[in-house]
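An overview of the molecular structure
These are the residues of each chain, in order.
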Number of protein chains: 2
Amino acid sequence: MDRFMELAMAEAEAGMAEGGIPIGSVLVCDGKVLGSGRNQRVQLGSAIRHGEMDALENAGRHPAAVYARSTLYTTLSPCAMCSGAILLYGIPHVVIGENKSFRGEEDLLISRGVELEVLDDPDCIALMEQFIRENPELWNEDIGV
Amino acid sequence: MDRFMELAMAEAEAGMAEGGIPIGSVLVCDGKVLGSGRNQRVQLGSAIRHGEMDALENAGRHPAAVYARSTLYTTLSPCAMCSGAILLYGIPHVVIGENKSFRGEEDLLISRGVELEVLDDPDCIALMEQFIRENPELWNEDIGV
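Residues numbered from 1 in each chain as written. Chains lettered and ligands numbered in written order. Predicted model: local features only at pLDDT ≥ 70, side-chain atom pairs only at ≥ 80, totals over all residues. Heavy atoms only, no water.

**What about the UniProt feature "domain: CMP/dCMP-type deaminase" (unreviewed entry) in chain A?**
Put simply, the rule is: UniProt positions are given in the numbering used here, feature names are shortened, and annotations may be inferred rather than shown by experiment. Secondary structure follows DSSP: runs of H or I at least 4 residues long count as helices, runs of E at least 2 residues long count as strands, and numbering of each begins at the N terminus.
In the numbering used here, UniProt assigns the feature "domain: CMP/dCMP-type deaminase" (unreviewed entry) to residues 1-116 of chain A. This span, residues 1-116 of chain A, is 41% helix and 24% strand, and a straight line between its end C-alpha atoms measures 16 Å.

Set out below in structure tokens:
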């Protein structure tokens with residue numbers, strides 16, 4: 001596994017260990033990590049800190065030129081909110097651990113020119129499948145269904 | 001002005017007084033305010049707390065059934081990130097103070113069945129126009145350009 005996806009996976013696993021939703025993300029620019037994060041619904045009672053959003057928040061404020069050179073790594077296919085954040089900031093490249101357990105707004109991202117790379121990583125799939133099986137209500141809350 | 005849009009405007013004005021970006025939002029369900037908020041880029045150094053996101057965060061965690069009965073009031077047309085959050089949570093109705101100074105992803109929202117009401121409010125327009133004129137770099141950072 002790519003080292004940035006390994007870091008995203010480590011964030012997801014840390015979230016799982018905290019009793020949270022195991023999705024992690026890393027924002028990378030010019031080969032350097034700007035920020036990493038994980039879903040904070042349980043830990044912070046947050047409605048907006050999905051893994052991708054938490055990574056963007058932890059990365060801090062940046063001008064558009066930085067986002068335009070960045071790649072977002074995320075263990076799970078990004079939902080509408082996180083896809084919208086990717087579009088807002090013009091992040092051109094998203095590496096997705098898996099989209100088997102949930103497929104977000106990939107078609108919208110592709111239609112706007114974002115390059116997606118889906119790894120179909122078995123560890124990412126196994127982690128999400130276990131979580132969803134054990135926490136269906138929490139999962140539904142997180143994806144708004 | 002509708003009392004919920006008045007509250008959104010009061011949030012925007014409070015943000016302006018703090019040196020922040022003057023955009024405010026209120027999430028309302030069954031005639032009651034679940035949460036209100038304002039853009040926190042300057043105040044919290046936040047890349048994700050646009051007014052709408054701050055209102056959603058301050059409203060706390062809710063099941064999909066609550067969002068499905070909610071209306072989001074926001075002083076300015078929602079960007080891609082905030083529109084994505086509206087889609088994630090299935091918020092069916094958005095009242096927008098104005099879309100003259102910035103028009104977000106209204107077409108996407110309409111295409112997904114979200115009902116939009118644009119007030120073209122002169123106070124909302126005047127506040128944003130003043131802010132953008134005086135803070136073009138900060139504004140560009142906030143909308144990713």
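**Details of the relation of the copies chain B and chain A**
Applicable threshold: Fitting of the copies onto one another was done by least squares over C-alpha atoms, counting residues only where both copies have pLDDT of at least 70. For this analysis, residues touch if any pair of their heavy atoms sits within 4.5 Å.
By a simple turn and slide, chain B fits onto chain A: the slide is 0.0 Å along the axis, the RMSD is 0.0 Å, and the turn is 180 degrees. When the rotation and shift are considered jointly, the pair of chain copies conforms to a two-fold rotation axis. For chain B, the residue whose C-alpha comes nearest the rotation axis is B:Gly84, separated from it by 2.4 Å. Comparing interface residues between copies, 100% of those in chain B also sit at the interface in chain A, which points to an isologous, same-surface contact.

**Quick notes on the side chain of A:Arg49**
Put simply, the rule reads: Nitrogen and oxygen atoms within 3.5 Å of one another constitute a polar contact, given that in protein one can donate a hydrogen and the other can accept it, and given that sequence-neighbouring residues count only through two side-chain atoms.
Summarising the element assignment, A:Arg49 is placed in the loop between α2 (41-44) and α3 (51-59). Among the polar contacts listed, one links the side chain of A:Arg49 to the side chain of A:Asp54, at a separation of 2.6 Å. Contact partners of A:Arg49, with chain neighbours within four places excluded, come to A:Arg38, A:Asn39, A:Gln40, A:Arg41, A:Leu44, A:Asp54, A:Glu57, A:Asn58, B:Ile48 and B:Glu57.

**Considering the sheet that holds strand β1 (residues 24-29) of chain B**
Residue and element names in this part refer to chain B. So the rule is basically this: Two strands form a pair only when DSSP identifies at least two bridges running between them. Only the stretch in contact is used when a helix axis is fitted, and all axes are lines through C-alpha atoms; the angle between N-to-C directions ranges over 0 to 180 degrees.
Across the sheet, five strands lie side by side as β2-β1-β3-β4-β5; this open sheet has mixed pairing. On the outer flanks of this sheet lie β2 (32-38) and β5 (115-118), each paired with one strand and no other. Neighbour-to-neighbour, the strand axes of the sheet open up by a mean angle of 15 degrees, direction not taken into account. Bridge count between β1 and β2: six bridges; the pairing is antiparallel.

**Digging into the pattern of salt bridges**
The criterion, for reference: The salt bridge criterion pairs a side-chain nitrogen of Lys or Arg with a carboxyl oxygen of Asp or Glu, the two atoms within 4 Å. Each residue's exposure class comes from its accessible area (1.4 Å probe, protein chains only) as a fraction of the maximum for that residue type: buried when under 20%, exposed when over 50%, partly exposed otherwise.
Scanning the entire structure with this criterion turns up 24 salt bridges over all chains. Where A:Asp30 meets A:Arg69, a salt bridge forms, and the shortest distance between an N and an O atom there is 2.9 Å. With A:Asp30 in the loop between β1 (24-29) and β2 (32-38) and A:Arg69 in the loop between α4 (64-67) and β3 (70-76), this residue pair connects regions lying 39 residues apart in the sequence. For A:Asp30, a relative accessible area of 53% corresponds to the exposed category. One salt bridge in this structure joins A:Arg103 and A:Asp107, with 3.0 Å as the shortest N-O distance. For A:Asp107, a relative accessible area of 52% translates into the label exposed. One network of salt bridges, with partners in common, ties together A:Arg41, A:Glu141, A:Asp142 and B:Arg61.

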